[in-house]
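Next come the chains, spelled out residue by residue.
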2 protein chains.
Amino acid sequence: MSTFEANFPTEEYDRRINRTRRTMADRGFDMIVVTDPSNMSWLSGYDGWSFYVHQAILLKLEGEPIWWGRAMDAVGAGRTVFMAYDRIVGYDDTYVQNPDKHPMETLARLIDAEGGGTARIGVETDNYYYTAAAHATLLKHLPEATLIDSTGLVNWERAEKSHRELEYMRRAARIVERMHETILEKAEPGMRKNDLVAEISHAGIAGADGHWGDYPAIVPITPSGLDATAPHLTWDDQPLRRGESTFFEIAGAHRRYQCPQSRTLFFGQPPQHYRDAEMAVLEATEAGLAQARPGNRCEDVANAFNATLNRLGFEKDSRCGYAIGISYPPDWGERTMSFRRGDMSELRPGMTFHFMPALWLDDGGLEITEPILITETGVECLCRTPRMLFVKD
Amino acid sequence: MSTFEANFPTEEYDRRINRTRRTMADRGFDMIVVTDPSNMSWLSGYDGWSFYVHQAILLKLEGEPIWWGRAMDAVGAGRTVFMAYDRIVGYDDTYVQNPDKHPMETLARLIDAEGGGTARIGVETDNYYYTAAAHATLLKHLPEATLIDSTGLVNWERAEKSHRELEYMRRAARIVERMHETILEKAEPGMRKNDLVAEISHAGIAGADGHWGDYPAIVPITPSGLDATAPHLTWDDQPLRRGESTFFEIAGAHRRYQCPQSRTLFFGQPPQHYRDAEMAVLEATEAGLAQARPGNRCEDVANAFNATLNRLGFEKDSRCGYAIGISYPPDWGERTMSFRRGDMSELRPGMTFHFMPALWLDDGGLEITEPILITETGVECLCRTPRMLFVKD
């Protein structure tokens, strides 16, 4: 047993695995190869920054899952997964980043030894951690097996959060609130941007309410001025300036659960079109939230938001939200549901989303966003951060 | 032009592209699809945390490279790449994380429009950001083209650093020195681990010598006690303890250039076998460094290191180093050369490595590592951090 406290009781992993197996059976899979680190962790408890080498959880229709990865990381698996040591299999280090051979050769042998040589095997074909070469290697070394796309299969099982998962999400919510408070306390015109990001990161890792901060799956995105017309620039050392806005797209994290929330800070008197944009976003946000309830569809939230936004003279041509939960870099979303037209996914109690009505204007960005939980009757905003354009004079 | 200062003059990008094109021509490629964010940045200057969606640089044998990605990120491309706006192509947001269609359909159309419909096209088949589904989509929509593995092609061109790249590596070296100083200053028995990591991250982003800190491509890896028998566990809130060691595998970063360095801290009197391990690693490190010079092979460093280590009664069965430079998560290595038996890559002036002689013992870990530069005549350690087991009483 690790000094790392287990994040969930074994019964919770059992429930997750049983749910996943029902879907596997429905879809005709004999086994799945789970390479998404978030899915690996959700199914087994595995936690470690080892996803830069090939690794997976192998889940069959019965028996405990098998952790497979680099031999040196088998030790970390032994200290974090709920399974017994005999369910941990390592490959030797000569397979690491060696063009002459591929780690997936060893996974193919393991699958074969586990009776999967002629099986129907799910593989996450559009995950970062399942490369084209990984797939080609499995295909070559399992010539009698059938590899079928299972991208998103486990991700979808993760959508409705358990009581304890929500507890971790709420702790992460306290942390991101504290990070935004830190911005308001520390940011001043003339301050180097990186010095402010240092304070934000410090606050995020120190945590809040006695709960420690884990690393967010995306680093702080904090562009100012014209750079804030783009959504994903990070930071440099340019000073914060009067008459300019900066948005802060950040997340609190606890035990890998991610609670993202964005706010925008303006130094001085915001021009009228910022105020107009703020008003429009806040009113459209209320309209979207009013549709966020069990039984409604993801697109209902987006349509209500967009109709209000358009009526008030603004447009947003990208999705305005996505599912969130446990995550590893490079994405804190669950990559299942999106708030956009045509997404007919049904909202159910226990689902969590980042409602993300960001506007990127011609001269800057405005992000005022809310992590939300679908409740039995409607919606709950996980954070109490004031919903407004922050202004410091 | 961005308020983000350009990291390199356009002439440097020209030189990089010319070098890459010579290799492309030698290997018979008409164009390459570059999906590794580090390669994208090295060829074009592109910088942003947008690699969680599909994106690429398309490089032909002539003309400026083309940046291709999500439409909202085209704005960030416009603010960071050296190319003109007409070399930036965005796909609409409905392609994002939508199982009904794939962004690579739009890249296939772009390649076709660029005359690549029957071309020989290099694709980075074993990169995180080139998934099995991405490859299948390109294959399907470019039925007359030939897709050939080009994993590592650009990475290898990055191996020998320019004067300005070395300047950024040295700034990152100052930053990681400062991070280790911070550990020595702040760490105390009883301190929560996450509170120490908050200080480390603060120091890393604040930077050193007036140069700002960028985000490292791997978060701090800081396990204590038995958790330090595993190489890649991150942190939690367990207190630092007397009689226990903690290793700190961390990197300073500046403008995406990464300078990793590890040290180990023991509270109290280290047991004799720690002292023995320290002596062995230090002597084996000297033996390895003595082989790190132009004309020698990567394996020469590993063989000298391992022979000395074994003579002193210790074993290490994993590689003891790898190339470093510009990088994005999830890996700060260049994924080309490794210090291990059989790696016959020739060391050349300007190459940079993380010489990484970590030992994971039965009751803890010992990491005392050095980022190094191959010079005209031998080797230079980029950091001045004292090379020893740190002990605090």
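What counts and how
- Each chain carries its own residue numbering, running from 1 in the written order of its sequence.
- All chains are assigned letters beginning with A, and all ligands numbers beginning with 1, in the order in which they are written.
- Per-residue local features of the predicted model are confined to residues with pLDDT of at least 70, and side-chain atom pairs are confined, for both listing and counting, to 80 or more; whole-chain, interface and lining totals are unaffected and use all residues.
- To get the side-chain values, all heavy atoms of the structure are used, and hydrogens and water are removed first.
- Counting from the N terminus, the helices are DSSP H or I runs at least four residues long and the strands are E runs at least two residues long.
- With C-alpha atoms as the basis for the radius of gyration, the globule rule is written as 2.2 Å multiplied by the number of residues raised to the power 0.38.
- Residue burial is assigned from relative accessible area. The probe radius is 1.4 Å, only protein chains are included, and a residue is buried under 20% of its type maximum, exposed over 50%, and partly exposed in between.
- Residues are treated as being in contact if the distance between any of their heavy atoms lies within 4.5 Å.
- Accessibility throughout is a Shrake-Rupley quantity obtained with a 1.4 Å probe, and a residue counts as covered only by protein chains that appear here.
- Here the copies are superposed with least squares, the fitted atoms being C-alpha atoms of residues at a pLDDT of at least 70 in both.
- Once two parts are put together, the accessible area they lose, assessed with a 1.4 Å probe and summed over both, is termed the buried area.
- A carboxyl oxygen of Asp or Glu within 4 Å of a side-chain nitrogen of Lys or Arg is what we treat as a salt bridge.
- Distance and chemistry together define a polar contact, namely a pair of N or O atoms within 3.5 Å, with one atom able to donate a hydrogen and the other to accept it when in protein, and with adjacent residues in sequence counting only for side-chain atoms on both sides.
- Three categories are distinguished: nonpolar for Ala, Val, Leu, Ile, Met, Phe, Trp, Tyr, Cys and Pro, charged for Asp, Glu, Lys and Arg, and polar for the others, with Gly belonging to the last.
- In this analysis the probe radius is 1.4 Å and the grid spacing 1 Å, with only protein atoms considered; a cavity is a set of points the probe fits into but cannot get out of, a pocket is an open set with protein on both sides within 12 Å along at least five of seven lines, and lining residues have an atom within 4 Å of a point.
- Grid points are joined across faces, edges and corners, and a volume is the space filled by probe spheres set on the points.

Chemist: Help me get a handle on the overall build of chain A, residues and values and all.
Modeler: When helices and strands are tallied, chain A shows 10 helices and 16 strands. For chain A, the C-alpha radius of gyration of 22 Å lies close to 21 Å, the compact-globule estimate for 393 residues. With respect to the principal axes defined by its C-alpha atoms, chain A has extents near 70 × 45 × 40 Å. A buried classification covers 67% of the 393 residues belonging to chain A. For chain A, contacts bridging at least 24 residues in sequence account for 69% of all contacts bridging at least 6. About 13,300 Å² of surface is accessible on chain A, with carbon and sulfur atoms providing 48% of the total.

Chemist: Provide a residue-level description of the relation of the copies chain B and chain A, including the pertinent values.
Modeler: Note on the identical chains: chain B maps onto chain A by a rotation of 180° and an axial translation of 0.0 Å, with an RMSD of 0.0 Å. Taken together, the rotation and translation describe the operation of a two-fold axis. A shared interface surface links the copies, since 100% of the contact residues of chain B are contact residues in chain A too.

Chemist: Hey, could you go over the interface of chain B and chain A for me, with residue numbers and the actual values?
Modeler: If you look at the interface, chain B gives 75 residues, while chain A gives 75 residues. Carbon and sulfur atoms supply 58% of the area that chain B and chain A bury against each other, a total of about 6,600 Å² over both sides. It is Trp49(B), Tyr52(B) and His232(B) in chain B that bury the most area against chain A; as a group they hold 11% of the surface buried on that side. Taken together, the connections running from chain B to chain A amount to 2 salt bridges. For Arg79(B), the salt bridge is made with Asp227(A), and the minimal N-O distance between the two is 2.5 Å. At the junction of chain B and chain A, the tally comes to 46 residue pairs in polar contact (both at pLDDT 80 or more). With 9 residues, the single largest contributor to the side of chain B that touches chain A is helix α8 (residues 193-206) of chain B. When the residues that make up the side of chain B that touches chain A are grouped by side-chain class, the tally is 31 nonpolar, 26 polar and 18 charged.

Chemist: Any chance you could break down empty space enclosed by the protein for me, citing the residues and the numbers?
Modeler: For the structure on display, the rule yields 10 cavities of 30 Å³ or more. One number sums up the size of the largest cavity: a volume of about 370 Å³. Around the largest cavity sit 33 residues that line it, and Ser201(A), Pro216(A), Val219(A), Ser201(B) and Val219(B) are the ones nearest its centre. Only α7 (163-186), α8 (193-206) and β7 (245-254) of chain A together with α8 and β7 (245-254) of chain B provide two or more residues apiece to the lining of the largest cavity. The residue inventory of the lining of the largest cavity, partitioned by class, reads 25 nonpolar, 6 polar and 2 charged.

Chemist: An account of the pattern of salt bridges is needed here, citing residue identities and associated values.
Modeler: Between side chains of opposite charge, a pair can form as their charged atoms come close. Here the structure, examined in full by the defined rule, presents 50 salt bridges over all chains. With a closest N to O distance of 3.3 Å, Lys392(A) and Glu188(A) form a salt bridge. Residue Lys392(A) is found in strand β16 (residues 390-392), and its partner Glu188(A) is found in the loop between α7 and α8; the two are separated by 204 residues along the sequence. Relative accessible area serves as the criterion here: at 38%, Glu188(A) is assigned to the partly exposed category. One salt bridge in this structure joins Glu177(B) and Arg384(B), with 3.6 Å as the shortest N-O distance. Taken together, the residues Glu177(B) in helix α7 (residues 163-186) and Arg384(B) in the loop between β15 (379-381) and β16 (390-392) connect sequence positions 207 residues apart. Assessed through its relative accessible area of 62%, Arg384(B) is described here as exposed. The structure contains a network of salt bridges with shared partners spanning Arg263(A), Glu286(A), Glu370(A) and Arg387(A).

Such coordinate-based values are descriptive only and should not be taken to indicate function.
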